[in-house]
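If you want the building blocks of each chain, they are given just below.
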Amino acid sequence: MSESREVIESIGEKMGFTPQILETLDAIDPHFVRKYTRCDHKILSDGALPAKVKILMALAVVASKQCESCTVAQMKSALKHGATKEEIMEVMEVISITSGAPAIAACRDALKLLK
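Nothing here was measured: the structure is a model prediction, and the numbers come from that model. (Residues numbered from 1 in each chain as written. Predicted model: local features only at pLDDT ≥ 70, side-chain atom pairs only at ≥ 80, totals over all residues. Heavy atoms only, no water.)

K.L.:
Could you clarify how one ought to interpret the overall build of the protein chain in this entry?
P.N.:
Of the regular secondary structure elements, the protein chain holds 8 helices and 0 strands. Each helix and strand of the protein chain, placed in order from N terminus to C terminus, yields the pattern α-α-α-α-α-α-α-α. For the protein chain, with 115 residues in total, the buried portion stands at 34%. Residue pairs at least 24 apart in sequence account for 55% of intrachain contacts in the protein chain once pairs closer than 6 positions are excluded. For the protein chain, the computed accessible surface area is about 7,100 Å², with 59% contributed by carbon and sulfur atoms. Treating the 15 positive side-chain charges of the protein chain as one cloud and the 15 negative ones as another, the clouds have centres 2 Å apart. (Helix = DSSP H or I, 4+ residues; strand = E, 2+ residues; numbered from the N terminus. Buried < 20%, exposed > 50% of the residue type's maximum accessible area, 1.4 Å probe, protein only. Contact = heavy atoms within 4.5 Å. Areas by Shrake-Rupley, 256 points an atom, 1.4 Å probe, with all protein chains shown as cover. Lys, Arg positive; Asp, Glu negative; His and termini not counted. Charge placed at Lys NZ, Arg CZ, Asp CG, Glu CD.)

Structure representation (structure tokens):
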């Protein structure tokens, strides 16, 4: 299996589906898809900011874009990296203030993971 194919499958596992754009990009330029892995590792590793903080930031961003499956993937990652219910609910407050009700609605399934 090619490296780009592994990346696509990994993303598909996280999100619960494979975004068609990744299939298209892989057909055009597999190197572009492999670059995603470097970005993913940057978010998932501690640097000047702890990974947990970066993942919570990513949760806010994908919620603002109203990507429901993305919010579920980021919520799973946040919980895996030790985010607490209280931290996540503060992020929900930030999302509400900055992006409004549609962004919070995009978190509907992700919030079910807190139960």
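K.L.:
Whenever I open this one, the nonpolar core confuses me. Can you help?
P.N.:
Proteins that are soluble and globular tend to have nonpolar side chains buried together. In terms of nonpolar packing, the biggest core is built from 16 residues, with Leu56, Met75, Ile88, Val91, Met92 and Ile95 touching the most fellow members. Looking at this core, the elements with two or more residues in it are helix H4 (51–64), helix H5 (68–80) and helix H6 (85–99). The dominant element in this core, judged by the number of residues it contributes, is H4, at 5 residues. With near-sequence residues (within four places) excluded, Val91 lies in contact with Leu56, Leu59 and Ala60. Core analysis: the next-biggest nonpolar cluster, separate from the first, contains 9 residues, Ile11, Met15, Val33 and Val62 among them. (Core = buried A, V, L, I, M, F, W, Y, C linked by side-chain atoms within 4.5 Å.)

K.L.:
Honestly, the pattern of salt bridges in this entry has me stumped. Any pointers?
P.N.:
If the charged atoms of two oppositely charged side chains come close together, the side chains can form a pair. As enumerated under the stated definition, the model contains 6 salt bridges in all. Measuring nitrogen to oxygen at the nearest pair gives 2.9 Å for the salt bridge that ties Glu23 to Arg5. One end of the pair, Glu23, is in helix H2 (residues 20–28); the other, Arg5, is in helix H1 (residues 3–15), with 18 residues separating them in the sequence. In this structure Glu23 comes out as partly exposed when scored by relative accessible area, which is 26%. Because the salt bridges share partners, they merge into one network encompassing Arg5, Glu9 and Glu23. (Salt bridge = Lys/Arg side-chain N within 4 Å of Asp/Glu carboxyl O.)

K.L.:
So what exactly am I meant to see when it comes to the packing of H1 against H2 here?
P.N.:
Angle between the axes and distance between the axes are the two parameters that describe a pair of packed helices. Packing of H1 against H2 brings their axes to within 11 Å, and their N-to-C directions diverge by 175 degrees. On the basis of the axis angle, H1 is roughly antiparallel to H2. Contacts between H1 and H2 involve Ser4, Arg5, Ile8 and Ile11 from the former and Leu22, Glu23 and Asp26 from the latter. (Axes fitted to C-alpha atoms, helices over the stretch in contact; angles between N-to-C directions. Parallel < 35°, antiparallel > 145°, perpendicular 65-115°, else oblique.)

K.L.:
Honestly, the environment of Asp109 in this entry has me stumped. Any pointers?
P.N.:
Tracing the backbone shows Asp109 in helix H8 (residues 108–111). Separated by 38 residues in sequence, Asp109 and Thr71 have C-alpha atoms that sit 8.1 Å apart. Beyond its immediate stretch of four places on either side in the chain, Asp109 contacts Glu68 and Val72.

K.L.:
Just checking my understanding: could you explain the domain arrangement of the protein chain for this structure?
P.N.:
By convention, interface size is frequently given as the accessible area that disappears when the constituent parts associate. Each assigned domain of the protein chain is listed with its residue range as follows: domain 1 (1–44) and domain 2 (47–114). Between the C-alpha centres of domain 1 and domain 2 there is a distance of 21 Å. At the junction of the two partners, domain 1 supplies 6 residues and domain 2 supplies 8 residues. Between domain 1 and domain 2, a total of about 580 Å² is buried, with carbon and sulfur atoms accounting for 63% of that surface. The largest per-residue losses of area from domain 1 upon contact with domain 2 belong to Met15, Ile43 and Leu44, which jointly make up 71% of the total buried on that side. Joining domain 1 to domain 2, the criterion identifies 0 salt bridges. Our enumeration of links across domain 1 and domain 2 arrives at 1 residue pair in polar contact (both at pLDDT 80 or more). At the level of elements, H1 and helix H3 (30–43) are the ones that each hand at least two residues to the side of domain 1 that touches domain 2. The residue makeup of the side of domain 1 that touches domain 2, split by class, is 4 nonpolar, no polar and 2 charged. (Domains from an automatic or database assignment. Buried area = accessible area lost by both parts, 1.4 Å probe. Polar contact = N/O pair within 3.5 Å; in protein donor to acceptor, adjacent residues only side chain to side chain. Nonpolar A, V, L, I, M, F, W, Y, C, P; charged D, E, K, R; others polar.)

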